[in-house]
Each structure stands twice: as structure tokens, then as C-alpha cells.
Amino acid sequence: MKIGLNIPPTLTSPDHVEEWVRRVDAGPFSTLSVLDRVVYANLEPLVTLATVAALTTRVRLMTEVLISLVRNTTILAKECATLDLLSRGRLTLGIGLGGREDDYLATGMPYVHRGKRLDEQLEQLKRIWAGQPVCPNVGPVGPPPAQTHGPKLLLGGYTAGTIQRVARIADGIIAGTNEITQIERTFRAVEQSWHEASRAGKPYLVAQIDIALEQNGAQEGRKNLLDYYATLPAFAAPKSALLLTTTQQLLDTMHCLEQMGTDELVFFTWSTAIEQIDRLADLLG
């Protein structure tokens, strides 16, 4: 099982971000991921990952997850192809619908019928990456991505619609919850849907686990998590209650996820304490 790590959503200092990125690339981590929001003070993910690509040589780059429907599809396809090309094929594109209407209002995009619109957008992304014309009167949009069929495409979520969408068009799923039983139900449902769709191979299974591996009783990570979910109170309390804060909790979770066939675990830290990277590296041996 591969282990990835995110850039904390509240981390915006250029020097701090650069040190974080370089340490992750030098460590045993498989992936460096970035969250997406519009109405929030996080860094824009695609611009951030372009910077990450220039600072790194090895680690994969992941959006975890990109709210793709607030972006123009053709421009998004070109941006992702460019990022994949310049990073030498290291982009994993995690995409989700997003659960906050304000992100859609801020960008002038409709919040309704998101599932149908995402289906259409994913098909168009695939067509553009394959070099097909955008429409009858418009030719292909380049450049071609480094990965043959475009960036690895994962969908975030665990609803029935997401699971079916993975089987139709994506390469796998990101289950963003600390509830281990829900992760396993989601993974098994994705595998069944994949089989029923007669897809070759197997879906790529990613678990995103919230952590704050802080020392001396620091609570910055929990505060950042609660602030982020303040507008979604139904999520705030359970997210906080399940936040992992000790190395033993991380070890137990890693064991459970590996046993259920997880391909990659991305630790999503809400704390900006940079020593977490070294503690996680030591934990991984």
C-alpha cells in the first residue's frame, strides 16, 4: 500500500510550502495532494501543483479533490494536460462534485444537475486528451498529456452515483472519510460495479484519512478542521471526533486499510507542523 500526504489547506507561506514540498519529495511518500475550494483561503490547486512539479522529481501530484464543474472544461483539459506533460506524467486528477453551493455561486456556475453535468464534463475531458475535436467546428486542443489516456482519473465520494460513474469512466475512487467500515463498503461496491461494467483490470482504491500528528498537546489541526467545516455542522463534530492524532492510531488504520486491499492511503493533515513529515517518514520505516 502506497502512502501519500497533502499540503495542509491553511499552509500559504511560500517558504513553508517550499520546505514542505521538498521534504515530502525526499521522503517515502508516493503522492503530494492539494485540496480545492473557491470560497476559502486555500491555495488554488492546479497553480500550486505546477509549482510542486518544478520543486520535485519523484512524488506524484494529486488534486484531492478538484471541484471541476466550477471550471471551463476545455481550459481545464488544457491545464491538466500541460501539468501532466511538464511533470513527466505525474498527475493524478481527483475530481468531486463539491458540497458547498457558495463555490458555485462565486464562479457563476449552476449548482443543480451536477451529476449529469459531471458525466458530460468527464467525457469531454477524455475526448480532448485523446486528441479528438472539441466539436464539429473546432479542432483538437493540445498539448497531449504525457500519460497515454490522460492523467489518472479518480472520483471522490461514496454515493451510488459516484460509484457507478467510476465504473463507467474513471480509474478509481477516493474515499474521504475516517470511518473504516464506510471505506470498505465503498471499495467493495466500486469493485462490484467495475465488474458489472465489464471493465478490465481493477479500480484504483484510495483512502483519504484526516490526521493532525502534533506534539505537546497542540490543537491547531483540530481547530483548522472545525473552522473548515463550520458551514457544514453535520460534518464538523464527527470529523473532529474521528481525527487521528497519535502514531498508534495511524498504525492501526494503516493495518486495517492494507487488509482491505487499499492501493494508496493519503494522510490528510490539518496541522501545518512540519515535523509531522519526519514523524510519518519514521513511522513508515
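Above this text is the structure in question.
Quick caveat: nothing in here was measured; it's all calculated off a predicted structure.

S.K.: Describe the packing of helix α1 (residues 14-26) against helix α11 (residues 275-284), and please don't skip the residues or the numbers.
M.R.: Following both chains from N to C, one finds α1 and α11 inclined at 10 degrees, their axes separated by 10 Å at the closest point. On the basis of the axis angle, α1 is roughly parallel to α11. Contacts between α1 and α11 involve W20, R23 and V24 from the first element and Q276, I277 and D278 from the second. Grouping the constituent residues of the contact of α1 with α11 by class yields three nonpolar, one polar and two charged.

S.K.: Describe in detail empty space enclosed by the protein, supporting the description with residues and values.
M.R.: Counted by the stated rule, this structure contains one cavity of 30 Å³ or more. Here the largest cavity is characterised by a volume of approximately 50 Å³. In terms of lining, the largest cavity is formed by I7, P8, P9, L11, V34, L35, N42, L43 and T48.

S.K.: Could you give me a rundown of the side chain of T177, with the residues and numbers involved?
M.R.: On the secondary structure map, T177 appears in the loop between β6 (172-176) and α7 (180-196). Of the residues examined, T177 reaches a relative accessible area of 7% and is grouped as buried. A distance of 3.1 Å separates the side chain of T177 from the backbone nitrogen of E179, its partner in a polar contact. Excluding residues within four positions of it along the chain, T177 makes contact with Y158, Q182, I183, Q208, I209 and K239.

S.K.: Any details on the nonpolar core? Residues and values, ideally.
M.R.: In this structure, W20, F267 and L280 are the most contacted members of the largest nonpolar core, which totals 66 residues. Counting residues in hydrophobic clusters, the runner-up holds nine residues, among them A212, Y229, A236 and W270.

Calculation rules
Residues numbered from 1 in each chain as written. Predicted model: local features only at pLDDT ≥ 70, side-chain atom pairs only at ≥ 80, totals over all residues. Heavy atoms only, no water. Axes fitted to C-alpha atoms, helices over the stretch in contact; angles between N-to-C directions. Helix = DSSP H or I, 4+ residues; strand = E, 2+ residues; numbered from the N terminus. Parallel < 35°, antiparallel > 145°, perpendicular 65-115°, else oblique. Contact = heavy atoms within 4.5 Å. Nonpolar A, V, L, I, M, F, W, Y, C, P; charged D, E, K, R; others polar. 1 Å grid on protein atoms, 1.4 Å probe; cavity = no way out; pocket = protein on both sides within 12 Å on 5 of 7 lines; lining within 4 Å. Points joined across faces, edges and corners; volume = space filled by probe spheres on them. Buried < 20%, exposed > 50% of the residue type's maximum accessible area, 1.4 Å probe, protein only. Polar contact = N/O pair within 3.5 Å; in protein donor to acceptor, adjacent residues only side chain to side chain. Core = buried A, V, L, I, M, F, W, Y, C linked by side-chain atoms within 4.5 Å.

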